Amino acid sequence: MSARLRARGLSCGYGRGLTDVLAAVDLDVPAGTVLALLGPNGAGKTTLLRTLARLLPPRGGTVLLDDEDVWDRGRSWTHRRLAVVLPDDPGGARLTVEEVVRLGRAAHRGWWLPMTAEDDEAVARALELTRLMAMRHRTVDALSAGEWQRVTLARSLAQEPRVLLLDEPTAHLDWSFQIEILDLLDRLAREEGLAVVVSLHDLNQASTWADRIALIAEGTLLTEGTPEAVLTPEILARVYNCPVLVDRHPVSGAPMVLPPPRRRNH
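Note that the structure is a prediction, hence the values are computed from the model and not measured.

Looking now at the sheet that holds strand β8 (residues 195-199). As summarised here, the arrangement of the six strands in space is β6-β7-β8-β3-β9-β10, forming an open sheet in which the pairing is mixed. The open sheet has two free edges, formed respectively by β6 (82-85) and β10 (220-225), since each of these has just one partner strand. Ignoring strand direction, the axes of neighbouring strands in this sheet form an average angle of 15°. Where strand β3 (residues 34-38) meets β8, four bridges bridge the pair, whose relative direction is parallel. Each residue of the ladder has a partner; that of Ala-36, found in β8, is Val-198. Across the sheet, helix α1 (residues 45-52) is in contact with β3, β6, β7 (163-167), β8 and β9 (212-217); its angle to β7 comes to roughly 155°.

A general feature of soluble globular proteins is that nonpolar side chains tend to end up buried together. Membership of the largest hydrophobic core comes to 50 residues, with the highest contact counts inside it found for Val-101, Leu-164 and Leu-185. When residues of this core are assigned to their parent elements, the largest contribution, seven residues, is made by helix α8 (residues 175-192). Not counting residues up to four positions away in its chain, the partners in contact with Val-101 are Val-123, Ala-126, Leu-127, Val-151, Ala-154, Arg-155 and Ala-158.

According to the stated counting rule, one finds zero aromatic pairs in the structure shown. A cation over an aromatic ring shows up here: Arg-54 above the ring of Trp-71, its NZ or CZ 4.2 Å from the ring centre. Between the NZ or CZ atom of Arg-150 and the centre of the ring of Phe-177, over which it lies, the distance is 4.2 Å.

What counts and how
Residues numbered from 1 in each chain as written. Predicted model: local features only at pLDDT ≥ 70, side-chain atom pairs only at ≥ 80, totals over all residues. Heavy atoms only, no water. Pairing = 2+ DSSP bridges. Helix = DSSP H or I, 4+ residues; strand = E, 2+ residues; numbered from the N terminus. Axes fitted to C-alpha atoms, helices over the stretch in contact; angles between N-to-C directions. Contact = heavy atoms within 4.5 Å. Core = buried A, V, L, I, M, F, W, Y, C linked by side-chain atoms within 4.5 Å. Buried < 20%, exposed > 50% of the residue type's maximum accessible area, 1.4 Å probe, protein only. Phe/Tyr/Trp six-rings, centres within 6.5 Å; stacked < 30°, edge-to-face > 60°. Lys NZ or Arg CZ within 6 Å of the ring centre and 35° of its normal.

Below is the structure:
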């Protein structure tokens, strides 16, 4: 079953009496779509993701999942349909990789019911998709930051969500795993109909893997559209306060963002 995620007039922030981090945000993420959130550090990308995921109450507006207000339907209803991958730290946990991934099934079975064959299949599939099966018995306190990043993604995939929200999923990963994770997100959208929202810092990753880009800046959603419409020198110079060049990928034709040529002394 596919799902559609929408935000209508969404305002996000922390605490009472404080200025909104973001205001008047409208988003529409249909099934089968990858939407990349871009913006400078501190622009509010994580705040927006937490609000979309029903972790942070909106200060105005609504978050709709298949036309249902997620705050009316409740946490368990939402988390059976939506999963979020946020940066966290395993600390000194002695759980194995597989045990952490199995926690993703709590959205469906609660914390105390025994695992079923269906649960086991979902966990195994999540481990396979993230290439973690070979290390499933390792304890997470022995993992690298990049390996832990893949474990958190696998835990969310074990929920079997229809909407997947991710905050910087390629952080701490080497180049090959960055490509693998982004290819996986693309495949989940294309082949399984997930609606995917992913925050990124790399403009060219967004251009290559996203269907649409939402540019967060100046306390709101500044612009949203195709990579070609959003990644222009004028818009990027305004948002990032530095000049850029925008060329085309020699094979795909997607916009590629480049720094200005370095001035060399002769």
